[in-house]
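Okay, here's what each chain looks like letter by letter:
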Amino acid sequence: AVGARLRSLLRIGVGWFCLCLCLCLPAHADVVVLRSAQALVTVDGATSHSDVELPYHWDRVNQGHAGEATFTIGFNLADPPKGSYGVYFKRIGSSAEIWLNGSVLARLGDPSQTNRDDYAKGPQYITIPERLLGQVNVMRVHIRADGGRYAGLSEMELGPEAEVRPRFATAYQWRVVASAAVAIFSLMVGMG
């Protein structure tokens, strides 16, 4: 009975904290949220091309089959960027390569290897050097998706590093650090 009461109180506390956090996060006018892409998807040797809305949940769309996809996302910036920018992915992978205007930004694992790397479990942040961004831009994200691993591609938040990195840091703390704390707490309650 005590364990059930503690779990109930923990859920209520976490819910209130999340609500307060969402209400306190300031809106940033310079952050661009990229929500649409052209996708070239290959599953079981069959390739299809379509316009998609992000997030793209691989297992839902492809019934848990492994495969790969290349997402092409065009976006414009009102003003030429000044200083470093960053892009934050809530979910990407299982593994991925990210290109911006023809230059490699990052490699998260090896997309040519199946059932090996898994970057989809935590948020990812990539710094974008000022010289790579223009007013008209094309981002290309190639992912390798292993079935059953929650692979895919989330919407992306892109903007000045000072605005985007804190959003990533908050998400990282909640998704990775808080998950570990809840698991440890659950283990302790289960043992007690």
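Keep in mind the model is a prediction, meaning the values are calculated, not measured. (Residues numbered from 1 in each chain as written. Predicted model: local features only at pLDDT ≥ 70, side-chain atom pairs only at ≥ 80, totals over all residues. Heavy atoms only, no water.)

(A) Seen up close, the overall build of the protein chain. Broken down by element type, the protein chain carries 3 helices and 13 strands. Across the 192 residues of the protein chain, 36% fall into the buried class. Restricting the contact set of the protein chain to residue pairs at least 6 apart, pairs at least 24 apart contribute 77%. (Helix = DSSP H or I, 4+ residues; strand = E, 2+ residues; numbered from the N terminus. Buried < 20%, exposed > 50% of the residue type's maximum accessible area, 1.4 Å probe, protein only. Contact = heavy atoms within 4.5 Å.)

(B) Structural context of the packing of aromatic side chains. Scanning the model with the defined rule gives 5 aromatic pairs in all. A centroid spacing of 5.3 Å and a plane angle of 65 degrees characterise the contact between Tyr-56 and Phe-71, whose relative ring orientation is edge-to-face. Remark: Phe-71 occurs in strand β5 (residues 67–76) and Tyr-56 occurs in strand β4 (residues 56–57); sequence separation between them is 15 residues. We note that Tyr-56, like Phe-71, is buried. Measuring from centroid to centroid gives 5.7 Å for Tyr-125 and Phe-168, while their planes differ by 35 degrees, and the two rings are tilted. In this pair, Tyr-125 is assigned in strand β10 (residues 124–128) and Phe-168 in helix α3 (residues 161–191), connecting sequence segments 43 residues apart. (Phe/Tyr/Trp six-rings, centres within 6.5 Å; stacked < 30°, edge-to-face > 60°.)

(C) Here's a closer look at the layout of surface pockets. For the second largest pocket, the calculated volume is near 180 Å³. For the second largest pocket, the full set of lining residues is Asp-30, Val-32, Leu-77, Ala-78, Asp-79, Lys-82, Tyr-85 and Pro-160. Among the residues forming the lining of the second largest pocket, the class breakdown is 5 nonpolar, no polar and 3 charged. (1 Å grid on protein atoms, 1.4 Å probe; cavity = no way out; pocket = protein on both sides within 12 Å on 5 of 7 lines; lining within 4 Å. Points joined across faces, edges and corners; volume = space filled by probe spheres on them. Nonpolar A, V, L, I, M, F, W, Y, C, P; charged D, E, K, R; others polar.)

(D) Up close: the nonpolar core. Membership of the largest hydrophobic core comes to 36 residues, with the highest contact counts inside it found for Phe-71, Phe-89, Ile-98, Met-139, Val-141 and Met-156. When residues of this core are traced back to their parent elements, those giving at least two are β2 (36–43), β5, β6 (85–89), β8 (95–100), β9 (103–108), β10, β11 (136–145) and β13 (156–160). Excluding residues that lie within four positions of it along the chain, Ile-98 makes contacts with Phe-89, Ile-92, Ser-103, Val-104, Leu-105, Ala-106, Leu-108, Ile-126, Met-139, Arg-140 and Val-141. By size, the runner-up hydrophobic cluster in this structure holds 6 residues, among which are Val-31, Tyr-88, Val-164 and Ala-171. (Core = buried A, V, L, I, M, F, W, Y, C linked by side-chain atoms within 4.5 Å.)

(E) Just the sheet that holds β6, in detail. Spatial ordering of the open sheet is given by β1-β13-β6-β10, a layout of 4 strands whose pairing is antiparallel. Of all the strands in the sheet, the pair left with one neighbour each is β1 (32–34) and β10. In this sheet, adjacent strand axes meet at a mean angle of 20 degrees when their direction is disregarded. In this structure, β1 lies alongside β13, joined through 3 bridges in antiparallel fashion. Paired with Val-33 across the strands is Glu-157, a residue of β13. (Pairing = 2+ DSSP bridges. Axes fitted to C-alpha atoms, helices over the stretch in contact; angles between N-to-C directions.)

(F) How the structure looks around the pattern of salt bridges. All told, the structure shown has 7 salt bridges when counted by the stated rule. Ionic pairing is found between Glu-97 and Arg-107, a salt bridge with its closest N-O pair at 2.9 Å. On the criterion of sequence distance, the pair formed by Glu-97 in strand β8 and Arg-107 in strand β9 is long-range, its members being 10 residues apart. When salt bridges with common partners are traced through the structure, they connect Arg-35, Lys-90 and Glu-155 into a single cluster. (Salt bridge = Lys/Arg side-chain N within 4 Å of Asp/Glu carboxyl O.)

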